[in-house]
Structure formats: structure tokens, C-alpha cells
Amino acid sequence: MMFRTLNNEKSSLVAHLYSLFPTLVVQNQSCTKLSLLRSVGCYPLIVKLVCPNFPSSKGSCVYGDEETLFMLKNSQESLYAATESSITVEELLHKLSDLLLEVEQTNPKLCVADHSVEVLNVSSQILTELETVGWENVSLMSPDLTTVHLSYVDERDTTHTIQILFPPNYPSSPLSVSHQLPDC
């Protein structure tokens, strides 16, 4: 079996990236596939990158497993901007780290590891109700389940959205609903 080594330039760049991002893994000799293990709150995520022009970030794509995509669902514009505005893979990794930190900071309940039976019952109740409405109608759901958007496309191809805010003690307290539907 023959092992090839990275050229000196790539090797030193990869060593530099490893020093900045200790959980980074370069998955192939051409350094075009990378994985970054990150925690957002109490949830470990694997963010995967395809960087066809390494060390340039030109043409790079960020993807991941279901949990990663769920965490990044509400940050698609920021993710796109980070990918498009980065020049190097290092810069892209920094922007991704900042984006994941922002997701964590804007969703403080992601850091709560102690899920009481009451919290789990409320979550179960909300998820059951959303299932009866139909998952195809859920266009946005915050990770802490406090905000849900339901969308419907009418026969004129107009999308109507209803925002539902679930209080922490739901169903003991009523949910609140806002919409921009026309008056009947």
C-alpha cells in the first residue's frame, strides 16, 4: 500500500486550519471534502463542506445531516452570504463558526440540557398538533418550538402564512396567532 502526502503548501495550510479548528477533519488528499464537528447548545453537529478549489472557497458548498440542516434552516440567507463572500476556506470556516454561535445565542433554550417531564409534555403536545395540521404546511419552526409558521398556497399561487406563538406553559395558557389574511 502506498501513501501519498500533501504537498508542503497544502500540508502547512491544513496544519494551520487544524490549529484554528481542532475538530476539523480533511477527508481526502485533495482537501476538497471537510467536516467540522461543532456543538450548538447541547447538540453536536457535523457541518460538511465541499471545497472544489481548496484553499479558495470559490464554489464551496455547505451541507450536513438532518440536525445540522434544521439548525441552519432559519439562517439560509446568512449561510449563503457567508459562502459567497468568503475568499478562502479559512474565512468560510470562521464565518460558519460565527453563524453557528449566532444560532446558539438567539436560541438560548438550546443550551438547556435538563428537560423536565413538563417541558417534554409541552413539546410532545405541540408536535402532535402540528402533525394533525400536516408537516407539509409547516414552513418554519423554531428549535425551541415557541414559534411556528404555517403556510398555504391558494389557487392563485398566493402564499398565506399564519404565525403561531406557543407560550412556555402551553396548553395551560393559550397560544397567540397572527396572520396577514384578507378579511372575510
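Residues numbered from 1 in each chain as written. Predicted model: local features only at pLDDT ≥ 70, side-chain atom pairs only at ≥ 80, totals over all residues. Heavy atoms only, no water.

## Considerations on the pairing of strand β7 (residues 159-165)
Note the threshold: Any two strands between which DSSP finds at least two bridges are classified as paired. In this text, helices come from DSSP runs of H or I with a minimum length of four residues, and strands from runs of E with a minimum of two, each type numbered from the N-terminal end.
By the bridge criterion, 7 bridges tie strand β6 (residues 147-153) to β7 in an arrangement that is antiparallel. For Y152, the partnering residue across the bridge sits in β7 and is H160. Counted between consecutive antiparallel strands, the loop separating β6 from β7 contains 5 residues, among which D157 sits at a positive phi close to 65 degrees. Relative to strand β8 (residues 176-179), β7 is paired through 4 bridges, and the arrangement is antiparallel. Bridging from a neighbouring strand, Q163 pairs with S178 of β8.

## Side note on the nonpolar core
Test applied: What we call a nonpolar core is a set of buried Ala, Val, Leu, Ile, Met, Phe, Trp, Tyr and Cys residues that are connected through their side-chain atoms within 4.5 Å. Note on classification: 1.4 Å probe, protein chains only; a residue is buried when its accessible area is under 20% of the maximum for its type, exposed when over 50%, partly exposed between these limits. Residue contacts are counted whenever heavy atoms from the two residues lie within 4.5 Å of one another.
If you look at the biggest cluster of nonpolar residues, it comprises 26 residues, and the most contacted ones within it are L49 and L93. Of all the elements in the fold, those that place two or more residues in this core are α1 (8-20), β1 (24-26), β2 (33-40), β3 (43-50), α2 (66-72) and α4 (89-106). Here the element with the most residues in this core is α4; it accounts for 7 residues. Each residue touching L49, except ones within four places of it in the same chain, is listed here: T32, K33, L34, C61, V62, Y63, L92, L93 and L96. If you look at the next biggest cluster of nonpolar residues, it comprises 11 residues, including V138, M141, L145 and V148.

## With respect to the packing of aromatic side chains
To be explicit about the condition: Side-chain rings of Phe, Tyr and Trp (the six-membered ring for Trp) are treated as a pair once their centres are within 6.5 Å; stacked means planes under 30 degrees apart, edge-to-face means over 60, and tilted covers the remaining angles.
Following the criterion strictly, the structure yields 1 aromatic pair and no others. Relative to Y170, the ring of F166 has its centre 5.0 Å away and its plane inclined at 80 degrees; by these criteria the two rings are edge-to-face. You'll find F166 and Y170 in the same group, each marked buried.

## A closer look at the sheet that holds β6
For clarity, the threshold we go by: A fitted line through C-alpha atoms serves as each axis, taken over the contacting stretch for helices, and the angle formed by two N-to-C directions is quoted from 0 to 180°.
Read from one edge to the other, the open sheet built from 4 strands follows the order β5-β6-β7-β8, with strand pairing classed as antiparallel. Lying at the two open borders of the sheet, with one neighbouring strand each, are β5 (138-141) and β8. Strand-to-strand twist of the sheet, defined as the mean angle between neighbouring strand axes without regard to direction, takes the value 20 degrees.

## Here we look at the sheet that holds β1
Strand order in the open sheet made by the 4 strands is β1-β2-β3-β4, with antiparallel pairing throughout. The sheet is open, and its two edges are formed by β1 and β4 (61-64), each paired on a single side. Ignoring strand direction, the axes of neighbouring strands in this sheet form an average angle of 25 degrees. Packed on one face of the sheet, α4 meets β1, β2, β3 and β4 and runs near 25 degrees to β2.

## Section: the environment of P22
Note on placement: P22 falls in the loop between α1 and β1. A residue is classified by how much of its surface remains accessible, and P22, at 69% relative accessible area, is exposed. Along the sequence, P22 and L36 sit 14 residues apart, while their C-alpha atoms lie 8.7 Å from each other.

## Concerning the environment of S97
Along the chain, the position of S97 falls in helix α4. A residue is classified by how much of its surface remains accessible, and S97, at 14% relative accessible area, is buried. Put simply, S97 and L36 are 61 residues apart on the chain and 9.5 Å apart in space, counted from C-alpha to C-alpha.

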